[in-house]
Amino acid sequence: MGHQQTSAAVAVFGTSISLIDVLTAVGILVAAGVTAFVLRRIILRRSRTQQSTHLSTWYTLSRLVAYTVLVIGFFLAISALGVPLSDFAVLAGALGVGLGFGLQALFSNFISGVVLLLDKSLKIGDFVELESGVTGEVRDIKIRATTIVTNDNIDILVPNSEFVSGRVVNWTHRDVLRRLRVPFGVAYGTEKNVVKKAALEAAAAVPFTLHLDGPQRPQVWLSKFDTSSLNFELVVWLNPEATKKPVAVTAAYNWALHSALQAHGIEIPFPQRDLHVKTLFGLSDDDARRALGLAENVTPDEAGARHSQPTTGDKDDNDHNDAADDVGADNVPDDTAAEVRSATDD
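Now for a quick tour of the structure. (Residues numbered from 1 in each chain as written. Predicted model: local features only at pLDDT ≥ 70, side-chain atom pairs only at ≥ 80, totals over all residues. Heavy atoms only, no water.)

This next bit is on the overall build of the protein. Looking only at helices and strands, one finds twelve helices and twelve strands in the protein. Burial analysis of the protein (346 residues in total) assigns 31% to the buried set. Across the protein, contacts joining residues at least 24 apart in sequence account for 62% of those joining residues at least 6 apart. On the protein, roughly 22,100 Å² of surface is accessible, and the fraction owed to carbon and sulfur atoms is 58%. (Helix = DSSP H or I, 4+ residues; strand = E, 2+ residues; numbered from the N terminus. Buried < 20%, exposed > 50% of the residue type's maximum accessible area, 1.4 Å probe, protein only. Contact = heavy atoms within 4.5 Å. Areas by Shrake-Rupley, 256 points an atom, 1.4 Å probe, with all protein chains shown as cover.)

Laid out in structure tokens, this is it:
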């Protein structure tokens, strides 16, 4: 009987390992995996009963507990095999060489995942935008990759190292209030106060606008004198529900802007060019334009009056320059941010 056990044994690092030792080690690993899974489920179930907003903390705790149990189970399995830990350093060196050649990316993603869980720069439920252009809500942080769910309900697996080494825009990291700037253009000659009135009506028509007055009221900026248009920006603060859907929210404001501009008879321009004819078949200036049928029979006084613009007029609140005020003002007042954080923590 003893001869059969000896023949079934295998020498590893100078230690004889029998079939029973192998089965014991496998049993320890399976038990460690089951224990890690059960403990993680218990912690997550406990987090749902606490009515707390710090769900990311519970998630991090569940992951770290699971990893710790697995590591302890691994070393217990090595001990059950009878392999001295001092000799195991040789195997660790061999694994290091393997990591350097074939498992470097996997090891980097694992370490990056642990870093993300510990420093809390990325939490479950955050809405992020990656340097690659991927946007979505963080659903799960696993050993190798993080699952991001887009607004189209598409699951995207992103390697953890991309969050550590790349640029990540976290829309919900510090606060849930965000400001959105929606660009639009109108034709030259349009009264800017009418444009502002129409844009503010559009902001009031969209339910995502946080406030209609006060420090976070909607604003209208004249941002650029473009080739064929006066370019404006509708600047609005969004409520928390709209922060995670920037594309849909922008589309909603564009729709409201188009309706408001049409209601006020404001023309939305298209690219156009003016053709100035100096010579045509030996003719020049007015003679050339008259040959093309483009000449107008107007007097110089009428031409000057046609291109003149009023320089004075009644001024009201709509003529106020919002962009000038914004330069010297804080974007989010401390008291408003405190109220939002307090409401979120309750």
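Further remarks concern the nonpolar core. Phe184, Val186, Leu234 and Tyr253 are the most contacted members of the largest nonpolar core, which totals 24 residues. Ranked by residue count, the leading element in this core is helix α8 (residues 246–263), at six residues. Excluding residues that lie within four positions of it along the chain, Val186 makes contacts with Val195, Ser229, Leu230, Phe232, Leu261, Ile266, Glu267 and Pro269. Membership of the second largest hydrophobic core comes to 14 residues, among which are Leu117, Val128, Leu130 and Ile148. (Core = buried A, V, L, I, M, F, W, Y, C linked by side-chain atoms within 4.5 Å.)

Here the focus is the packing of aromatic side chains. For the coordinates displayed, the defined rule picks out two aromatic pairs. Summarising the aromatic geometry, the rings of Phe127 and Trp171 are spaced 6.3 Å apart at their centres and angled 90° between planes, so their arrangement reads as edge-to-face. A residue pair is termed long-range when its members are at least 10 positions apart, and Phe127 in strand β3 (residues 127–130) and Trp171 in the loop between β7 (168–170) and β8 (178–186) qualify at 44 residues. Neither residue differs from the other here; Phe127 and Trp171 are each classed as buried. The interplanar angle of 20° and the centroid separation of 5.8 Å between the aromatic rings of Phe184 and Phe232 together place this pair among those described as stacked. Taken as a pair, Phe184 in strand β8 and Phe232 in strand β10 (residues 230–238) lie far apart in primary sequence, 48 residues in all. (Phe/Tyr/Trp six-rings, centres within 6.5 Å; stacked < 30°, edge-to-face > 60°.)

Before going further, it helps to spend a moment on unusual backbone geometry. In this model, Asn153 sits at a positive phi of 65°, which is unusual for a non-glycine residue. Within the secondary structure layout, Asn153 lies in the loop between β5 (145–149) and β6 (155–159). The exposed category is assigned to Asn153, whose relative accessible area is 65%.

Before going further, it helps to examine the sheet that holds β10. Pairing in this open sheet of three strands is antiparallel, and the strands run β8-β10-β9 from one edge to the other. Every interior strand has two partners, whereas the edge strands, β8 and β9 (219–225), have only one. Neighbouring strand axes in the sheet, compared pairwise and without regard to direction, differ in orientation by 25° on average. Sheet topology note: the β8/β10 ladder contains nine bridges and is antiparallel. Counted as the bridge partner of Arg178 is Leu238 from β10. Packed on one face of the sheet, helix α7 (residues 192–205) meets β8, β9 and β10 and runs near 30° to β10. Across the sheet, α8 is in contact with β8 and β10; its angle to β8 comes to roughly 40°. (Pairing = 2+ DSSP bridges. Axes fitted to C-alpha atoms, helices over the stretch in contact; angles between N-to-C directions.)

On the surface, Leu19, Val22, Leu23, Val26, Val30, Val34, Phe37, Val38, Leu39 and Ile42 cluster together into a nonpolar patch covering about 860 Å² of accessible area. Within the fold, Leu39 resides in helix α2 (residues 19–49). (Patch = residues over 30% accessible without salt bridge, like charges linked within 9 Å, V, L, I, M, F, W, Y side chains within 5 Å. Salt bridge = Lys/Arg side-chain N within 4 Å of Asp/Glu carboxyl O.)

Compared with the 20 Å implied by 1.5 Å per residue over 14 residues, the 20 Å span of α7 between its first and last C-alpha is a close match. All of the buried residues in α7 are Asn193, Val195, Lys196, Ala198, Ala199, Ala202 and Ala203. (Expected span 1.5 Å × (residues − 1).)

Below, the discussion takes up the environment of Ser108. Relative to the helices and strands, Ser108 resides in helix α5 (residues 104–119). Here the alpha-carbon distance between Ser108 and Arg144, two residues 36 residues apart in the chain, equals 8.6 Å.

The topology assignment puts Gln219 in strand β9. A distance of 3.0 Å separates the side chain of Gln219 from the side chain of Trp221, its partner in a polar contact. (Polar contact = N/O pair within 3.5 Å; in protein donor to acceptor, adjacent residues only side chain to side chain.)

In this structure the tally under the stated criterion is three salt bridges. Glu233 is paired through a salt bridge with Arg181; the nearest N and O atoms lie 3.7 Å apart. Here Glu233 is found in strand β10, whereas its partner Arg181 is found in strand β8, with 52 residues between them in sequence. You can call Glu233 buried: its relative accessible area is 16%.

Let us now look at the pairing of β9. With six bridges joining them, β9 and β10 adopt antiparallel strand pairing. By the bridge assignment for β10, Leu222 is matched with Phe232.

So, about the sheet that holds β3. In space, the five strands of this open sheet follow the order β6-β5-β4-β3-β7, with antiparallel pairing throughout. At either end of the open sheet lies a strand with only one pairing partner, and these are β6 and β7. This sheet shows a mean twist of 40° between the axes of neighbouring strands, independent of strand direction.

Looking now at the side chain of Ser229. Here Ser229 shows up in the loop between β9 and β10. Note on Ser229: relative accessible area 10%, which makes it buried. At 2.8 Å, the side chain of Ser229 forms a polar contact with the side chain of Asn231.

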